[in-house]
Amino acid sequence: AQLIRREDYAAPAFWIRTVDLTFDLDPAKTLVINKMTVEPNAEQPGAPLRLDGEDINLLRVLVDGEPVSFRTEGSQLVLENLPQQPFHLEIRTTCAPEKNTQLSGLYTSSGGFFTQCEALGFRRITYFLDRPDVMATYKVTLKADKLKYPVLLSNGNLVEEGVLEGGKHFAVWVDPHPKPCYLFALVAADLVRREQRIRTRAGKDHLLQIYVRAGDLDKTEHAMNSLIASIAWDEAKFGLSLDLERFMIVAVSDFNMGAMENKGLNIFNTKFVLANPATATDVDFGNVESVVAHEYFHNWTGNRVTCRDWFQLSLKEGLTVFRDQQFSQDMAGSRSARAVKRIEDVRTLRQLQFPEDAGPMAHPVRPDSYVAIDNFYTATVYEKGSEVVRMMHTLVGDEGFRKGMALYFERHDGQAVTCDDFAQAIADANPGSELANRLEPFKRWYAQAGTPRVTARGSYDADNHIYTLSLSQRSAPTPGQPDKAPYVIPVAMGLVGRDGRQINLQLEGHLNSLGHDTVLVLSEPEQTFTFVHVPVEPVPSLLRGFSAPVVLEAEHSDDALFTLLSHDHDPFNRWEAGQQLALNRILAAVRGDGYIELDARYLHAMREVLRHPELDAAFKELVLTLPSEAYVAEQLDVVDPQRIHTVRESLKRQLAHALHEDWIWAWEQFHDNGAYSPDARSAGHRALANLALAMLVLDGSLRQNPIWPGKALQRFKDATNMTDRLGALQALVNAHAELAGPALERFHAQFKGEALVIDKWFTLQATAPEHDGKVFARARALMQHPDFTLRTPNRARSLLMALCQSNPAAFHRTDAAGYVFWADRVIEIDGINPQLAARLARALDHWRRLAEPYRTAAREAISRVAARPELSDDVREIVTRALQ
Ligand code: B3K
Ligand code: ZN
């Protein structure tokens, strides 16, 4: 395993301009004929051509039709003494798709052929310059058995098809757009399709197709609607239109990630395409919408303009996540529904990215080095990368950002570029903006790892009506980066009176009022902002809408938090205040004697939110959900997962009991039996009704009162959609109600043939609140269930990631059984699918912060994995970093 460094980037010694691929598809032995036109890079004359290859058998190499001598170095094929003019290179190889359990390159799934080439899968198909700055046009001929594989697809346009001898048929596809090889794709399988013709604003006609297995066609309508909406949004918002006559989505059930943006032929994990009311929840519907949009948006941000090298991954991922988040907000509609989406995104960021930034895998949005690039498809590159783009958007405004995007495409369409090129385009389109004025320091967001902490202190001078706000920032060291320079941090803010009034903002020395909302830019270690004509002592509402990915230490009193919770104009900060109130109580108990009785004021405030006449149900559900155990752990230097669990569960029970009548009211008010629609408003109602039901079942189970468990069972049986059915089942399972067992059995029997629903069945059991070790025991036993397999990533994740990543109290045990189980599974899965194993390996990232006896036991488990001689580079990199 070799460390690859960003600073070592050099342009390739050759360009590959055209690729003509022929596949003779056979699960055991597929023949690949690869005919390329290759052009020496005039700047590196005489250099050898080094082609990447992995797990493929080389049959022959021809240069301009003649056999040539070659050698192999490691996994590379090296050719020397090549012509100094463009030449033809033909390479024949074979591979064994059915043996490819890594799901990278060409593999089989349910009897069909599929590919996944990002990041380094193409080298598992043929020898190539497998790097994103080598862009070529492709012609692809597929040959396969006609009965077994009636559908033959590749990128671009279908130019020819026909039958061959021996029951075979063929198809020829031509993609006119030059692309890096990671965007190559093929599919040969027995699939059916939903299709639709559309005419865009630009007046062009396109054919949209979604390919799935027979039986899944009734789950494709939502994906198709989402695709159509995405196409319209990108045209309307950024003037970016679809550049292909045909756009295809294919669903496959064995897939390492969510989906893949191959040019014109997106390949999706079934989980992010298939959805109908009977089998998918509101969360699934939302995910399908955003992943379909994400992959579609990549057509411009990723495909038309791609990455120069893999260190620039966030160039396409951060930007495309930002775009899909904006799209989903626009789809949600109302101001409040947009805020709900923002809160959910921030919750994800805090749950996944903040811990990453505080642990051994901390890396900059644009990493400096890696061993296995697949390990860097992270929350930092994606979610924090999106926050960096969002900050640029905040600093230049919506219209400024649109101009910046236009300039980016004007400059770079058809190129492979860097994060610097993107930031430069946004800044250059907005001369005089805060971004343009501070571009170099702003770009530290790309270069430095770790989550900055911003401290705010305010003081009010009542005599002179002056409010002074001091903001300071500091950043802790991260691996390889002991010292950090200050960031440019946009702090969106306002001032709120105790009575809820929005205070007019006017900075000292400025004539103009800023209205009720402004963005302060913190760029020094410490800065003071003085507001004049402030009539009453205000509560500062800082970082509105979560305007920067930082930890804010505002040290608000309870009083101030209650003010913000009931009055802040910014819904995000209202939610934040509610979370902070809960967090303060949880932390007091965790640091104290492990118990706390919820105060009347907090309960009253929660009741007010729940019964509020104007707030949206979705927003109420977010406020009334306690911060997760993972988020609580983030606040502590020494983490005792059991203690956090005990405290949080206790608070939940108190909230369930004290608000009993209110939960009944909420259930009556918001549960519904009408026709299902996935829109934000209906989904919000379901979310709140299901939270109310869960609270009522929890309280009932604890008090041996069978009424609400009984009602939940009835709801579970009668539900007309998966959100409500799963909600009721989860209420029973999470309360450890007696009725949970029979309900789980019934659920399994009812959805036997629906793989994605069976995944939910595993996850539900593995994420139940731990109780006397029963949840862990059950999860471990489920490994033996006939439906369980490690070979399908969705299924493996549904049980193992659920247990090890999402259920701290079940996983972190004083007897270390969770860690032993984890180590065994990491090793076992590594032999099948290293990418998947490496994801699971990260479950113990934060081991150093664990209290004893967890810490020592965790280190032993990681060391046991690290001691295996035959580990993949992927897992080796994770455990090595963890132990460093
Ligand atoms: N670009 C793909 C990720 C590919 C994963 C490589 N291991 C999905 C996406 O971000 O759209
Ligand atoms: Zn992406």
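The structure displayed is predicted, hence computed values, not measured ones.

(A) The arrangement of the overall build of the protein in detail. Summing up its helical and strand segments, the protein has 28 helices and 32 strands in all. For 884 residues, the compact-globule estimate of 2.2 N^0.38 gives 29 Å, and the protein sits close to it at 28 Å. Oriented by its inertia axes, the alpha-carbon framework of the protein measures out at about 90 × 70 × 60 Å. Every one of the 884 residues in the protein was classed for burial, and the buried ones make up 52%. Across the protein, every contact between residues at least 6 apart in sequence was considered, and the portion connecting residues at least 24 apart equals 70%.

(B) Examining the site of ligand 1 more closely. Contacts to ligand 1 come from Glu118, Ala119, Met257, Ala259, Met260, Glu261, His294, Glu295, His298, Glu317, Asp374 and Tyr377. The set of elements that each furnish at least two residues to the shell around ligand 1 consists of β20 (259–260) and α2 (282–297). Each residue belonging to the shell around ligand 1 can be placed in one class, and the counts come to five nonpolar, two polar and five charged. The residues that make up the shell around ligand 1 include at least three from each of domain 2 (191–299) and domain 3 (306–447).

(C) Main features of unusual backbone geometry. With omega at -5°, the peptide bond leading from Glu118 into Ala119 counts as cis. The omega angle of the peptide bond from Glu852 to Pro853 is 5°, so this bond is cis rather than trans. Along the chain, Pro853 turns up in the loop between α26 (834–841) and α27 (854–866). Phi is positive for His533, which is not a glycine, with a value near 55°.

(D) Fine view of the sheet that holds strand β14 (residues 157–163). Taken in spatial order, the eight strands make up an open sheet running β6-β5-β9-β3-β2-β12-β15-β14, and their pairing is mixed. The open sheet is flanked by β6 (66–67) and β14, the only strands paired with a single partner. Looking at chain direction, strand β2 (residues 14–24) and strand β3 (residues 30–40) are connected through ten bridges and run antiparallel. For Leu21, the partnering residue across the bridge sits in β3 and is Asn34.

(E) Looking closely at the domain arrangement of the protein. For the protein, the assigned domains read domain 1 (1–188), domain 2 (191–299), domain 3 (306–447) and domain 4 (453–555). On a C-alpha basis, the centres of domain 3 and domain 4 stand 23 Å from each other. Between domain 3 and domain 4, the contact holds 16 residues from the first and 15 residues from the second. If you list the elements that add at least two residues to the side of domain 3 that touches domain 4, you get α4 (335–357), α5 (379–412), α8 (439–442) and α9 (444–447). The leading source of residues in the side of domain 3 that touches domain 4 is α5, at five residues. Of the residues that constitute the side of domain 3 that touches domain 4, the class distribution is nine nonpolar, one polar and six charged.

(F) Representation of the pairing of β14 in the model. In terms of residue burial, β14 counts as a barely covered element, since only zero of its seven residues are buried. One ladder, built from six bridges, connects β14 with strand β15 (residues 168–180); its direction is antiparallel. Bridged to Val163 within β15 is His169. Between β14 and β15, which pair antiparallel in sequence order, lie four residues; one of them, Gly166, sits at a positive phi of approximately 70°.

(G) Spotlight on the nonpolar core. Within the largest apolar cluster, 267 residues are counted, with the highest numbers of intra-cluster contacts made by Val250, Val697 and Leu732. Broken down by element, the residue count for this core peaks at 13 residues, all from helix α17 (residues 680–702). Those residues in contact with Leu732 that sit more than four places away from it in its chain are Val697, Pro709, Ala712, Leu713, Ala737, Leu739, Ala740 and Ala743.

(H) Geometry of the pairing of strand β10 (residues 105–109). Taken across its five residues, β10 has four buried, putting it largely inside the fold. When β10 meets strand β11 (residues 112–116), the two strands line up antiparallel, connected through five bridges. Directly across from Tyr107, in β11, lies its bridge partner Phe114. Where β10 hands over to β11, the hairpin turn is made up of two residues, of which Ser110 adopts a positive phi near 45°.

(I) Representation of the environment of Met392 in the model. Turning to its location among the elements, Met392 is positioned in helix α5. For the pair Met392 and Ala423, spaced 31 residues apart in sequence, the C-alpha to C-alpha distance is 8.1 Å. Among all residues touching Met392, those that are not within four sequence positions of it are Phe401, Ala423, Ile426 and Leu435.

(J) Molecular detail of the sheet that holds β11. Sheet architecture is open: four strands sit in the order β10-β11-β16-β13, paired in antiparallel fashion. Bordering the open sheet on either side are β10 and β13 (151–154), each of which pairs with just one other strand. The mean angle between the axes of side-by-side strands here comes to 20°, regardless of whether they run parallel or antiparallel. Taken together, the two bridges between β11 and strand β16 (residues 186–189) define a ladder with antiparallel strand orientation. Bridging across to β16, Phe114 finds its partner in Val187.

Conventions we followed
Residues numbered from 1 in each chain as written. Chains lettered and ligands numbered in written order. Predicted model: local features only at pLDDT ≥ 70, side-chain atom pairs only at ≥ 80, totals over all residues. Helix = DSSP H or I, 4+ residues; strand = E, 2+ residues; numbered from the N terminus. Rg over C-alpha atoms; globule rule 2.2 N^0.38 Å. Buried ≥ 20, exposed ≤ 12 C-beta atoms within 10 Å, placed from the backbone. Contact = placed C-beta atoms within 7 Å. Near = placed C-beta within 6 Å. Nonpolar A, V, L, I, M, F, W, Y, C, P; charged D, E, K, R; others polar. Domains from an automatic or database assignment. Pairing = 2+ DSSP bridges. Core = buried A, V, L, I, M, F, W, Y, C linked by C-beta atoms within 7 Å. Axes fitted to C-alpha atoms, helices over the stretch in contact; angles between N-to-C directions.

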